[in-house]
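Descriptive structure summary
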Amino acid sequence: MKKLLFVLSFVTTFAVAQDIARFAEEVEAIQKKYDTLWDASKETIVFTGSSSIRIWHDLQERFPEHQIVNSGFGGSQASDLLGYCEELVLRFRPKKVFIYEGDNDISAGKTSKEIINDITAIISKIRAQNATTEIVLIAAKPSIARWKLKRHYKRLNRKFRRLSRRDVQMNYADVWKPMLDRKKVIEDIFIEDGLHMNAKGYQIWFEALKHYVR
């Protein structure tokens, strides 16, 4: 039995390693970018997660009084961020970390429990490096493309909120409600794919997140 469990554990670990390897080039490019941009002598705020973070191109300009690292990588899930936590978060020794994951996870059919388990593991890694690092969990956003999954997103966001309440160094940033007009998603805040946001959408995010940055 012990041998079987060891084999299963090895196979699972190998499969996860293979899965996250699809991001290896993108993660390497992010590291090279910040080899020249990042000033280790300054306090750092890391924004990380999937493409909604990756394509937020004016993050640094939005918060010029802070050193911002945008280590978002498109198409990622929480398990991918867990696999690259050292390269995308810990290496910057951040004062604050904003995490946006769960969107692609739900679309891929993962349960909110699976997502929370991965997020909790990421938090544990951050806490192991520095127990005082502030963490902000960004709510999974509504979108036109994935509106049919809204109940799953809302369930995940409730779990994010509850998780954030367990730790005084953690917050939950709600971007779900500001992106709705009553009970429908606002449509003119997205680009053509109905999933990613335009400048108007990012203005909503800025308003929702600026308090947690400053």
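Residues numbered from 1 in each chain as written. Predicted model: local features only at pLDDT ≥ 70, side-chain atom pairs only at ≥ 80, totals over all residues. Heavy atoms only, no water.

Some words on helix α8 (residues 112-129)
Helix length check: α8, at 18 residues, gives a terminal C-alpha distance of 26 Å against a target of 26 Å (1.5 Å per residue), a fit within 8%. By the burial criterion, the buried members of α8 are S112, I115, I116, D118, I119, I122, I123, I126 and R127. (Helix = DSSP H or I, 4+ residues; strand = E, 2+ residues; numbered from the N terminus. Expected span 1.5 Å × (residues − 1). Buried < 20%, exposed > 50% of the residue type's maximum accessible area, 1.4 Å probe, protein only.)

A closer look at the confidence of the model for the protein
For the protein, per-residue confidence averages 92 on the pLDDT scale, and 92% of positions sit at 70 or higher. Here residues 4-18 scores under 50 on pLDDT; set against residues more than four positions off or in separate chains, the count is 0 contacts. (pLDDT = per-residue confidence, 0-100. Contact = heavy atoms within 4.5 Å.)

Here's the deal with the packing of aromatic side chains
Summed over the entire model, instances satisfying the criterion amount to 14 aromatic pairs. Measuring from ring centre to ring centre gives 5.8 Å for Y34 and F92, while their planes differ by 80°; the resulting arrangement is edge-to-face. Taken as a pair, Y34 in helix α2 (residues 24-37) and F92 in the loop between α6 (85-88) and β3 (96-100) lie far apart in primary sequence, 58 residues in all. Like Y34, the residue F92 is buried in the burial classification. One aromatic cluster in this structure is built from F47, W56, F63, F98, Y100, Y202, W205 and F206. (Phe/Tyr/Trp six-rings, centres within 6.5 Å; stacked < 30°, edge-to-face > 60°.)

A word on the pairing of β3
Most of β3 sits inside the fold, with 5 of its 5 residues counted as buried. What you see with β3 is no split at all: K96, F98 and Y100 on one side and V97 and I99 on the other are buried throughout. Where strand β1 (residues 44-49) lies against β3, 5 bridges are found, and the strand directions are parallel. Looking at β3, one finds that I45 is bridged to K96. Relative to strand β4 (residues 134-138), β3 runs parallel, the two sharing 4 bridges. Paired with V97 across the bridge in β4 is I135. (Pairing = 2+ DSSP bridges.)

Details of the sheet that holds strand β2 (residues 67-70)
The parallel open sheet is built from 5 strands, whose spatial order is β2-β1-β3-β4-β5. In this open sheet, the two edge strands, each paired with only one partner strand, are β2 and β5 (170-173). Each strand axis lies, on average, 20° off the axis of its neighbour in the sheet, ignoring direction. (Axes fitted to C-alpha atoms, helices over the stretch in contact; angles between N-to-C directions.)

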